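Spelled out, the chains give:
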Amino acid sequence: MSSSTMTPASSPVSAALRRWGPVAAAAALWWFLYSINRPFWDWLLFDVIGLDPLSRLGESIHFFFYDVTKITLLLTGIIFSVTVLRSFMSVERTRALLGGRREGAGNAAAAGLGVVTPFCSCSAVPAFIGFVAAGVPLGVTMSFLIASPMVNEVAIVMLYGLFGWQITALYIGTGLVIATLAGWVIGRMSLERWVEPFVFETKLRGKVIDPSMQLSWDDRLAMGREEVSTILRKIWPYLLVGIGVGAVIHGWVPEAWFAEHAVGPLGVPIAVGIGVPLYSNAAGVMPLVEALHDKGMPMGTVLAFMMSVVALSLPEMILLRRVLQPKLIATFIAVVASGIIATGYLFNAII
Amino acid sequence: MDIKILGSGCAKCAKLESLTRAATADLGIAAEFEKVTDPAEIASWGVMATPALVVDDEVVLSGRVPSPDDVRQLLAAR
């Protein structure tokens with residue numbers, strides 16, 4: 001990438017080849033690995049090592065290796081693609097798009113933009129101040145802050161890999177509805193008095209830099225590679241433990257045990273109560289939940305649990321305490337958690 | 001040169017700082033470094049995605065960790 005290594009003879013064609021050649025090769029390799037995943041583990045574990053596919057041990061070990069490979073491949077491919085696409089968006093652009101919106105349509109727009117904008121909850125506070133000080137309504141800002149973590153790429157990969165695309169689509173659609181409605185409700189309650197006053201007094205100085213500008217394709221591809229390695233390095237222990245425990249449940253926990261303990265009418269609120277304090281472990285929690293679903297946990301409970309894990313996180317609440325008074329944080333948690341619990345019951349009733 | 005690193009203390013902010021320190025050393029620029037971790041002050045710079053880099057009271061980069069080349073170019077252009 002550095003200009004000193006470019007030879008003067010390099011034509012646009014060879015530059016494009018150098019950029020897209022590795023991407024195409026990686027995509028071909030990805031597709032190859034994904035398509036041989038099951039036959040490879042069948043062959044290695046059952047034919048070569050001689051495990052019995054019908055035994056508990058054989059089934060569990062096969063489940064573990066097959067799932068770890070599948071989820072890792074899906075995470076790599078989807079995080080890379082999503083990061084490259086999102087590099088064309090930015091929080092700055094999102095704020096500009098939300099600037100003139102009223103509540104209602106503004107909440108829906110904010111929820112949608114929360115999904116496509118590259119955003120880390122570590123920036124939640126400066127983004128909150130930036131939105132509110134620029135005149136974006138409180139409820140619209142909240143819709144953005146709810147949708148962004150709830151509909152995130154790791155959650156989508158885990159759901160797609162373990163439950164298929166219908167459940168994933170349902171999750172994304174419901175996540176958008178909850179973010180829109182919860183933000184709208186908070187807006188209707190006129191809780192501006194519970195926002196720390198300095199937020200409204202913040203003067204925005206200086207010109208705004210839009211990080212999505214001035215990026216070359218090489219920068220965008222490099223961002224995609226870095227994001228993949230950052231996320232994989234962060235979640236691999238959770239992924240291994242989660243899939244490992246899931247494999248054990250698959251093989252050994254009897255269905256009757258679970259049907260007795262997690263399917264009752266209190267299943268949804270209990271799942272949400274456990275899910276809220278768990279954070280960023282979607283990768284580790286989902287394989288477990290998939291195994292539990294297999295043993296009889298209903299789909300609405302599964303979705304509610306997943307949403308509560310990713311949408312409401314303790315570290316983000318502690319950060320937001322800087323700008324929101326505890327009463328508003330409590331209201332925020334209560335509104336979002338109620339939306340999630342209602343969703344859980346709804347899907348338990350109709351699926 | 002007056003350099004501020006804006007960020008609430010995440011790993012990316014530390015990386016931006018070390019990159020920028022290396023770049024000033026490479027270019028032989030004498031620079032004063034300051035870390036800004038207060039979210040209100042970060043927001044007052046108009047920055048909504050950290051880490052961000054402020055050089056001589058002007059935001060030159062926000063929301064990403066640049067390559068070492070990018071930082072050198074940003075600083076050399078000043």
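Predicted model, so just to flag it, every value in this text is computed and none were measured.

**Brief notes about the overall build of chain B**
- Along chain B, the regular secondary structure elements total three helices and four strands.
- Ordered by position from the N terminus, the helices and strands of chain B form the series β-α-β-α-β-β-α.
- Taken over the C-alpha trace, chain B has a radius of gyration of 11 Å; the compact-globule value for 78 residues is 12 Å, and the two agree within 12%.
- With the C-alpha coordinates aligned to their principal axes, the bounding extent of chain B is approximately 30 × 20 × 15 Å.
- Across the 78 residues that make up chain B, the buried fraction comes to 41%.

**Remarks on the nonpolar core**
- The biggest cluster of nonpolar side chains holds 103 residues, and the ones touching the most others in it are Phe128(A), Ile146(A), Ala147(A), Met158(A), Ala282(A), Met306(A) and Val336(A).
- Excluding its chain neighbours within four sequence positions, the residues that come into contact with Phe128(A) are Thr141(A), Leu145(A), Leu320(A) and Val323(A).

**Some words on the pairing of strand S1 (residues 2–6) of chain B**
All names here are of chain B.
- Across the five residues that make up S1, a large majority, four, are buried.
- Once you follow S1 into helix H1 (residues 11–27) and on to strand S2 (residues 32–36), the crossover reads as right-handed.
- Two strands pair when backbone bridges link them, and S1 and strand S3 (residues 52–55) are joined in this way by four bridges, in the antiparallel orientation. Counted as the bridge partner of Ile 3 is Val 55 from S3.

**Quick notes on the confidence of the model for chain A**
- Averaged over all residues, the pLDDT of chain A equals 85, while 91% of them reach at least 70.
- Here residues 1–7 of chain A scores under 50 on pLDDT; set against residues more than four positions off or in separate chains, the count is four contacts.

**Some remarks on the sheet that holds S1(B)**
Residues and elements named next belong to chain B.
- Spatial ordering of the open sheet is given by S2-S1-S3-S4, a layout of four strands whose pairing is mixed. Either end of the sheet is taken by a strand with one partner, and the two such strands are S2 and strand S4 (58–62). The mean inter-strand angle of the sheet, taken between neighbouring strand axes irrespective of direction, is 20°.
- Of the pairings in the sheet, the one linking S3 to S4 comprises four bridges and is antiparallel in character. What sits directly across from Ala 52, in S4, is Ser 62.

**What about helix H16 (residues 326–350) of chain A?**
All names here are of chain A.
- With 25 residues, H16 extends 36 Å between its outermost C-alpha atoms, agreeing within 8% with the 36 Å of an ideal straight helix rising 1.5 Å per residue.
- Of all the residues in H16, the buried ones are Leu 328, Phe 332, Val 335, Val 336, Ala 337, Gly 339, Ile 340, Thr 343, Gly 344, Phe 347 and Asn 348.
- Residues of H16 that are buried make contact with helix H6 (138–150), helix H8 (165–188), helix H12 (267–275) and helix H14 (299–311).

**Focus: the interface of chain A and chain B**
- In this complex, chain A contributes 26 residues to the contact, which on the side of chain B involves 22 residues.
- If you list the elements that add at least two residues to the side of chain A that touches chain B, you get helix H3 (91–98), helix H5 (124–133) and helix H10 (217–252) of chain A.
- With six residues, the single largest contributor to the side of chain A that touches chain B is H5(A).
- For the side of chain A that touches chain B, the residue count by class is 15 nonpolar, six polar and five charged.

**Here's the deal with the confidence of the model for chain B**
- Summing up the model confidence of chain B, the mean pLDDT is 87 and the portion of residues at 70 or higher is 100%.
- Predicted complex, confidence summary: ipTM 0.84, pTM 0.85.

**Things to note about the packing of helix H2 (residues 56–86) of chain A against helix H7 (residues 153–163) of chain A**
All names here are of chain A.
- Relative orientation of the contacting elements H2 and H7 amounts to 140°, with a least axis distance of 9 Å. In terms of orientation, H2 lies oblique with respect to H7. In the packing of H2 onto H7, the handedness of the crossing is right-handed. Of the residues in H7, those in contact with Lys 70, Ile 71, Leu 74, Leu 75, Ile 78, Ile 79 and Val 82 of H2 are Glu 153, Val 154, Ile 156, Val 157, Met 158, Tyr 160 and Gly 161.

Cut-offs and rules
- Residues numbered from 1 in each chain as written.
- Chains lettered and ligands numbered in written order.
- Predicted model: local features only at pLDDT ≥ 70, side-chain atom pairs only at ≥ 80, totals over all residues.
- Helix = DSSP H or I, 4+ residues; strand = E, 2+ residues; numbered from the N terminus.
- Rg over C-alpha atoms; globule rule 2.2 N^0.38 Å.
- Buried ≥ 20, exposed ≤ 12 C-beta atoms within 10 Å, placed from the backbone.
- Core = buried A, V, L, I, M, F, W, Y, C linked by C-beta atoms within 7 Å.
- Contact = placed C-beta atoms within 7 Å.
- Right-handed = clockwise from strand over helix to strand, strands pointing away.
- Pairing = 2+ DSSP bridges.
- pLDDT = per-residue confidence, 0-100.
- Axes fitted to C-alpha atoms, helices over the stretch in contact; angles between N-to-C directions.
- Expected span 1.5 Å × (residues − 1).
- Nonpolar A, V, L, I, M, F, W, Y, C, P; charged D, E, K, R; others polar.
- Parallel < 35°, antiparallel > 145°, perpendicular 65-115°, else oblique.
- Left-handed = near helix turned anticlockwise from the far one by under 90°.

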